[in-house]
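Okay, here's what each chain looks like letter by letter:
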Amino acid sequence: MFHIYCPHCCEYREEEEFHPKGQAHIARPIEPEACSDEEWGNYLYFRKNPRGLHHELWVHNAGCRKFFNITRDTVTYEIKEVYKIGENPAVVSSEKSAQ
C-alpha cells in the first residue's frame, strides 16, 4: 500500500481512499454535434496507455470527493506529482516536450 497526496485536503491518505478515472487533459470537442461518428467514438473510448509517464485523473472518493490529476510512471507505479484540475503538469516526458 502507498499513500497519495490530496491537493485539496493537503495531506497524504491511504491508496484505498482514491479511485483512478482515466487519462487526464482530454479536450471535449467544441461542437460535438458536428463530429462524425468516428471522431465522437474516438473522443469517448480511445485513450492513451503509455509505458512510462502518464497524466491521470483521480478522485478522493472516501475523502473530500474532489478530482485532481496525478503524473505517474506506469512502469514503476511511482507518483511523480499531484496537481489540481486546471493546472499544467510540471513533469512531462521528453516525447511531449519535443512536440
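Use the structure listed above.
Anyway, here's the lowdown on the structure attached to this text.

Rules behind the numbers
Residues numbered from 1 in each chain as written. Predicted model: local features only at pLDDT ≥ 70, side-chain atom pairs only at ≥ 80, totals over all residues. Heavy atoms only, no water. Helix = DSSP H or I, 4+ residues; strand = E, 2+ residues; numbered from the N terminus. Buried < 20%, exposed > 50% of the residue type's maximum accessible area, 1.4 Å probe, protein only. Contact = heavy atoms within 4.5 Å. Areas by Shrake-Rupley, 256 points an atom, 1.4 Å probe, with all protein chains shown as cover. Lys, Arg positive; Asp, Glu negative; His and termini not counted. Charge placed at Lys NZ, Arg CZ, Asp CG, Glu CD. Core = buried A, V, L, I, M, F, W, Y, C linked by side-chain atoms within 4.5 Å. Patch = residues over 30% accessible without salt bridge, like charges linked within 9 Å, V, L, I, M, F, W, Y side chains within 5 Å. Salt bridge = Lys/Arg side-chain N within 4 Å of Asp/Glu carboxyl O. Pairing = 2+ DSSP bridges.

**What about the overall build of the protein?**
- A tally of helices and strands in the protein yields two helices and six strands.
- Order of helices (α) and strands (β) in the protein, N terminus to C terminus: β-β-β-α-β-β-β-α.
- Dimensions along the principal axes, computed over C-alpha positions, put the protein at roughly 45 × 30 × 20 Å.
- The 99 residues of the protein split such that 26% are buried.
- In the protein, the proportion of contacts linking residues at least 24 apart, taken out of those at least 6 apart, comes to 45%.
- Of the roughly 7,000 Å² that the protein leaves accessible, carbon and sulfur atoms contribute 48%.
- Averaged over its 12 positive side-chain charges, the protein has a centre that lies 3 Å from the centre of its 16 negative ones.

**Some remarks on the nonpolar core**
- Core analysis: the largest hydrophobic core is formed by six residues, namely I4, C6, F18, W58, F68 and I70.
- Elements with a minimum of two residues in this core: β1 (3-6) and β5 (67-73).
- Contacts of F18, omitting those with residues within four sequence positions, involve I4, C6, R13, W58, V59, H60, N61 and F68.

**With respect to the side chain of Q23**
- Locating Q23 in the fold gives a position in strand β3 (residues 19-23).
- Discounting residues that sit within four places of it in the chain, Q23 has contacts with R47, K48, H54, H55, E56 and L57.

**Things to note about a nonpolar patch on the surface**
- Together, L44, Y45 and F46 line one region of the surface with nonpolar side chains, adding up to about 390 Å² of accessible area.
- With respect to the helices and strands, F46 occurs in the loop between α1 (37-45) and β4 (53-59).

**What to know about the pairing of strand β2 (residues 11-14)**
- As defined by bridge partners, β1 adjoins β2 across four bridges and the pair is classed as antiparallel. Within β2, the residue paired with Y5 across the bridge is Y12.

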